[in-house]
Amino acid sequence: MAETQEENRRLLAGIRSWVEIESPSTDADAVNRMVDLVEGSLGDAGLEIERIPGRDGFGDHLIGRTPWATNEAGIMVLGHLDTVWSMGTLEARPFRVEDGKAYGPGIYDMKGGAYLVCDAIRTIMASGDRTLLSITVVLVSDEEVGSPTSREVIETEARRAKYVLVNEPARPPHGSAVTMRSGWGRFRIRVRGRAAHAGSDHRLGRSAIAELARMIVKIEAMTDYGRGVTLNVGTARGGTRPNVVPEEAEAEVDLRFADPAEADELEQVLLGLRPEGEDIEVEVLGGINRPPFERSEAGMALFERAKSVAADVGLDLKETWAGGVSDGNFSAALGVPTLDGLGVVGAGAHAEHEHIVVDRLCERSRFLLRLLRELD
Ligand SMILES: [Zn+2]
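Numbers given for residues are sequential positions, taken from 1 along each chain in its written order. Totals for whole chains, interfaces and linings use every residue, but because this is a predicted model, local features are given only for residues with pLDDT of at least 70 and side-chain atom pairs only at 80 or more, for both listing and counting.

K.L.:
In this structure, what is going on with the overall build of the protein chain? I would like to understand it.
P.N.:
Helix and strand assignments come from DSSP, with helices taken as H or I runs of at least 4 residues and strands as E runs of at least 2, each series counted from the N terminus. Scanning the protein chain for helices and strands turns up ten helices and 18 strands. A compact globule built from 376 residues should have a C-alpha radius of gyration of about 21 Å, and the protein chain, at 23 Å, falls within 12% of that. With respect to the principal axes defined by its C-alpha atoms, the protein chain has extents near 80 × 45 × 40 Å. Taken over C-alpha atoms, the radius of gyration is set against a globule rule of 2.2 Å times the number of residues to the power 0.38.

K.L.:
I'm lost on the nonpolar core in this one. Help?
P.N.:
Grouped burial of nonpolar side chains is what soluble globular proteins tend to show. Any nonpolar core is a set of buried residues, restricted to Ala, Val, Leu, Ile, Met, Phe, Trp, Tyr and Cys, that join up through C-beta atoms within 7 Å. Here the C-beta atoms are placed from the backbone, and a residue counts as buried if at least 20 other C-beta atoms lie within 10 Å of its own, exposed if 12 or fewer do, and partly exposed otherwise. If you look at the biggest cluster of nonpolar residues, it comprises 76 residues, and the most contacted ones within it are Ile75, Val117, Ile121, Val164, Ala306 and Leu368. It is helix α4 (residues 107-127) that contributes the most residues to this core, eleven residues altogether. Counting residues in each nonpolar core, the second largest holds 20 residues, with Trp184, Val191, Ile219 and Leu231 among its members.

K.L.:
I'm lost on the domain arrangement of the protein chain in this one. Help?
P.N.:
It is common to report an interface's size as the accessible area lost on association of the parts. Here the domain parsing of the protein chain yields domain 1 (2-182 + 293-374) and domain 2 (183-290). Each domain span listed reflects an automatic or database assignment of domains. Computed over C-alpha atoms only, the centres of domain 1 and domain 2 are separated by 36 Å. Among the residues forming the side of domain 1 that touches domain 2, the class breakdown is two nonpolar, four polar and no charged. Each residue receives one of three labels: charged for Asp, Glu, Lys and Arg, nonpolar for Ala, Val, Leu, Ile, Met, Phe, Trp, Tyr, Cys and Pro, and polar for the others, Gly being one of them.

K.L.:
How do you make sense of α4 when you look at a structure like this?
P.N.:
Since there are 3.6 residues in each turn of an α-helix, residues three or four apart along the chain are aligned in direction. Expected helix span is taken as 1.5 Å per residue step, with the number of steps being one fewer than the number of residues. The terminal C-alpha atoms of α4 lie 28 Å apart, and with 21 residues this matches the ideal 30 Å at 1.5 Å per residue to within 8%. Directly after α4, the chain includes Gly128, whose backbone phi takes a positive value near 80°.

K.L.:
Help me understand the environment of Glu352 in this model?
P.N.:
Mapped onto the elements of the fold, Glu352 is located in the loop between β17 (346-347) and β18 (355-357). A residue is classified by how many C-beta atoms lie within 10 Å of it, and Glu352, with 12 of them, is exposed.

K.L.:
Would you explain the sheet that holds strand β5 (residues 101-103) in this entry?
P.N.:
Within a sheet, adjacent strands bond to each other through the backbone by hydrogen bonds, running parallel or antiparallel. Spatially, four strands are ordered β4-β5-β18-β17 in an open sheet, and the strand pairing comes out antiparallel. Only two strands of the sheet have a single partner each, and these edge strands are β4 (96-98) and β17. It is the C-beta atoms, placed from the backbone, that decide contacts: two residues are in contact if theirs lie within 7 Å. The convention used is that axes are lines fitted to C-alpha atoms, helices contributing only their stretch in contact, and that angles between N-to-C directions extend from 0 to 180 degrees. Along the sheet, α4 contacts β5, β17 and β18; its crossing angle with β18, the most-contacted strand, is approximately 50°. Should DSSP find at least two bridges between two strands, the strands are taken to pair.

K.L.:
Got a minute to help me understand the sheet that holds strand β11 (residues 230-238) in this structure?
P.N.:
Strand order in this open sheet of four strands is β11-β13-β9-β14, and the pairing throughout is antiparallel. In this open sheet, the two strands that pair with only one neighbour each are β11 and β14 (281-290). For this sheet, the mean angle separating the axes of adjacent strands, direction not counted, is 15°. Bridging between β11 and strand β13 (residues 248-257) involves eight bridges; their strand directions are antiparallel.

K.L.:
Just checking my understanding: could you explain the packing of α4 against helix α10 (residues 361-374) for this structure?
P.N.:
In helix packing, the relevant descriptors are the interaxial angle and the interaxial distance, both defined with respect to the helix axes. Between α4 and α10, the shortest axis-to-axis distance is 9 Å and the interhelical angle comes to 55°. By the angle between their axes, α4 is oblique relative to α10. As α4 packs across α10, the resulting crossing turns out to be right-handed. Here Leu116, Val117, Asp119, Ala120, Thr123 and Ile124 of α4 come into contact with α10, specifically with Arg364, Ser365, Leu368, Leu369 and Leu372. Across the contact of α4 with α10, the residue classes break down as seven nonpolar, two polar and two charged. When describing relative orientation, an angle under 35 degrees is termed roughly parallel and one over 145 degrees roughly antiparallel, while 65 to 115 degrees is termed roughly perpendicular and anything else oblique. Note: crossing handedness is left-handed where the near helix turns anticlockwise from the far helix by less than a right angle, and right-handed where it turns clockwise.

K.L.:
Any chance you could explain unusual backbone geometry here in plain terms?
P.N.:
Excluding glycine, residues mostly carry a negative phi; peptide bonds, for their part, are mostly trans. The omega torsion of the bond from Asp109 to Met110 falls at -15°, within 30 degrees of zero and hence cis. Position of Met110 relative to the elements: it lies in helix α4.

K.L.:
Would you mind showing me how to read helix α5 (residues 151-160) here?
P.N.:
Within α5, burial applies to Ile154, Glu157 and Ala158. Along the long axis of α5, the arc covered by the buried residues comes to 105°, so they all point the same way. Along α5, exposed side chains directed more than 90 degrees from the buried face belong to Thr156 and Arg160. Tucked inside the fold, the buried residues of α5 contact β2 (61-65), β3 (74-80), β6 (135-140), β7 (161-166) and α9 (328-333). Note: the arc covers the axis-to-C-beta directions of the helix.

Next up, the structure:
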């Protein structure tokens, strides 16, 4: 018991040091400070490091490989070092522990999980015992904005892997692993009408807001919970002042789906939106960002394997579906057995109450270490 508590304390201290390096996806210098730290840590442990320079204003991506080769494809461990939190969040909401929960920006999604991976790798390397399969750790820096610059890196490595383990947050209520995720698409709709004086020239105006409003009603009506399809118009704005017929209006749509074929159809419908009114222009940008992570036989076999490893360390591992996406969507869509949600237990991803459960760090860490050692 005392030993477990000591281990929880040790892991938490490490996670805290990562949380205290802020790393918003949109700040390449900040993310790269985090990448520097992890690169040093994995390099010192003896991994072969490949650092892929960032582009388009994003940070670098990091690949670390165990120096032993096997004849078989290996394990890819996938995660991200960026967070959704802007610089300065830490000052406003510093790391703190309260009632057994540790709070801090990005602690649950997913500095905690990424730290556990690096800790497990350090343990493996220090032991001198090779794992049965080679391990490739891939940590990217733009996951929270849809992985625009890392997708290719992820897919290239995933194609070479036998299994992909993703250390995104474990899911409530019991720290479940994730065997299925929705796909995701994002669209921006721009409407341009014609401005006019709302009093004297109303009939000459073409209201962009009225046109957008009709579209919003149509878009929201395509939601079908039974088929796992949701469309959310998450932002809408337009116009300048009450006495002007609005010339411009704009909205952003978030699409979630379970079936890729259906997603293609929905994408066509959204990209093909046309104005009902005359003299109005509509432009739709965006598209499907991540394919769905479908529950597969091979993926479930990997889960069963993980479940039995978990049982050996006294952990009753469950599996669940998640509405949110991760980079696991990319590997799963390639047909590579992927098991996600192997990170820390907690709640509140992307929310102010984001936290992890300190008492469960040790069991998660033991489970991960054993899984990396036993997979063959
Ligand atoms: Zn995440």
